[in-house]
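# Residue-level structural notes
One letter stands for each residue in the lines below.
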Amino acid sequence: MATFVLIPGMCHGGWCFEELTQRLRDQGHRAYPLTLTGLSERSHLLHGGVNLDTHIQDVTGVLAAENIQNAVLVGHSYGGMVITGVADRAPGRVDSLVYLDAVVPEHGDSCWTLVSDQERRWYVDVVETGYAVRTLPFFDARATPHPLASLLQPLRLTGDLAHIRRRDYVYAAGWVGPSPFTPVYERLREDPSWTTHALAGGHNLMRDAPEGLVEILREVVES
């Protein structure tokens, strides 16, 4: 039995992992689909100070409260920022990292610095308070505005994550049009310290390719 902690991307809550969570639990694993502060059912906690550190603390808090050891952290899209920070700050509780069509930051990176100008134009379309980025029209109806400060704050790392047993990148090969994550996937595919995969699905792989994703996660824990 493995323990998976599932971190959503921008504007999404733990609900986006519903099918993946059920499949993992059906196989006997523990799965924790988390909703980060200021989003979805926790949107009432949104304020201008909700940043990347807040979201990292959300996850480290769950790891401590549930006494989770050897966790496999799974981060979708923006969630790649969060799982990288958690691995740095709770090294004794994290075994492996799985990035689902996600950003892969290093020390000093922020989502703002890692994305294209087109995505930055989305980031500056904020709600009336200025605290959060609006959802996009094609998002699930349950999506909520995303805390702006979490996209602007640079990630602070204290080490090189050498303690992590395994790092996997799962690339969504079914984008309509060019994928902004193609350069990340191509770079990591040449890096022997990473294991890379490509699935025939859109950006929301947990919705588009849950069976293939479960097989990859099984490989991670059995390797």
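Before reading on, note that the structure itself is shown above.
A brief look at the structure comes next. Treat the numbers as computed from the prediction; the structure is a model and nothing was measured.

### What to know about helix H2 (residues 52-65)
Helix length check: H2 (14 residues) gives 20 Å between terminal C-alpha atoms against 20 Å at 1.5 Å per residue, within 8%. The secondary structure elements touched by the buried residues of H2 are strand E1 (3-7), strand E3 (71-76), helix H3 (79-89), strand E4 (94-100), strand E6 (146-147) and helix H6 (149-152). Near the N-terminus of H2, the side chain that reaches the backbone nitrogen of Asp 53, with its oxygen 3.1 Å away, is that of Asn 51. In the stretch just after H2, Asn 67 is the one whose phi turns positive, near 50 degrees.

### Describing the nonpolar core
Counting 48 residues, the largest nonpolar core has Val 5, Val 59, Leu 63, Tyr 78, Val 82, Leu 97 and Tyr 169 as the members making the most contacts within it. Within the residue set of this core, elements represented by two or more residues are E1, H2, E3, H3, E4, helix H5 (117-123), strand E7 (166-172) and helix H7 (182-189). Among the elements that make up this core, the one with the highest residue count is H3 (5 residues). One finds Ala 2, Phe 17, Met 206 and Leu 213 within the second-largest nonpolar core, a separate group that totals 24 residues.

### Thoughts on the packing of aromatic side chains
According to the stated counting rule, one finds 7 aromatic pairs in the structure shown. Consider the rings of Trp 112 and Tyr 123, whose centres lie 6.2 Å apart with planes at 40 degrees: the pair is tilted. Of this pair, Trp 112 sits in helix H4 (residues 111-114) while Tyr 123 sits in helix H5, and the two are 11 residues apart along the sequence. Given a relative accessible area of 29%, Trp 112 falls into the partly exposed group. An angle of 55 degrees between the planes, with centres 5.9 Å apart, marks the rings of Trp 122 and Tyr 123 as tilted. What makes Trp 122 buried here is its relative accessible area of 14%. Judged by relative accessible area, Tyr 123 falls into the buried class, the value being 1%. Clustering of aromatic rings is evident, with ring pairs tying together Trp 112, Trp 122, Tyr 123, Phe 138 and Phe 139.

### Details of the packing of helix H1 (residues 18-26) against helix H9 (residues 210-222)
Relative orientation of the contacting elements H1 and H9 amounts to 50 degrees, with a least axis distance of 10 Å. Classified by the angle between their axes, H1 and H9 sit oblique to one another. Pair H1 / H9 crosses with right-handed handedness. Along its contact with H1, which presents Glu 19, Leu 20, Arg 23 and Leu 24, the element H9 presents Pro 210, Glu 211, Leu 213, Val 214 and Leu 217. Looking at the contact of H1 with H9, its residues break down into 6 nonpolar, no polar and 3 charged.

### Here we look at H1
By the burial criterion, the buried members of H1 are Leu 20, Thr 21 and Leu 24. Across the axial projection of H1, the buried residues extend over an arc of 100 degrees, all falling on one side. For H1, the exposed residues lying more than 90 degrees away from the buried face are Glu 18 and Asp 26. Here the buried face of H1 lies against E1, strand E2 (30-33), helix H8 (205-208) and H9.

### Observations concerning the packing of H2 against H3
For the pair H2 and H3, the least separation of the axes is 9 Å and the interaxial angle reads 60 degrees. Judged by the inter-axis angle, H2 sits oblique to H3. Our pair here, H2 against H3, has a crossing hand that is right-handed. Contact residues: Leu 52, Asp 53, His 55, Ile 56, Val 59, Thr 60 and Leu 63 in H2; Met 81, Val 82, Gly 85, Val 86 and Arg 89 in H3.

Conventions we followed
Residues numbered from 1 in each chain as written. Predicted model: local features only at pLDDT ≥ 70, side-chain atom pairs only at ≥ 80, totals over all residues. Heavy atoms only, no water. Helix = DSSP H or I, 4+ residues; strand = E, 2+ residues; numbered from the N terminus. Expected span 1.5 Å × (residues − 1). Contact = heavy atoms within 4.5 Å. Polar contact = N/O pair within 3.5 Å; in protein donor to acceptor, adjacent residues only side chain to side chain. Core = buried A, V, L, I, M, F, W, Y, C linked by side-chain atoms within 4.5 Å. Buried < 20%, exposed > 50% of the residue type's maximum accessible area, 1.4 Å probe, protein only. Phe/Tyr/Trp six-rings, centres within 6.5 Å; stacked < 30°, edge-to-face > 60°. Axes fitted to C-alpha atoms, helices over the stretch in contact; angles between N-to-C directions. Parallel < 35°, antiparallel > 145°, perpendicular 65-115°, else oblique. Left-handed = near helix turned anticlockwise from the far one by under 90°. Nonpolar A, V, L, I, M, F, W, Y, C, P; charged D, E, K, R; others polar. Arc of directions from axis to C-beta.

By themselves, these are just geometric observations and shouldn't be taken as functional.
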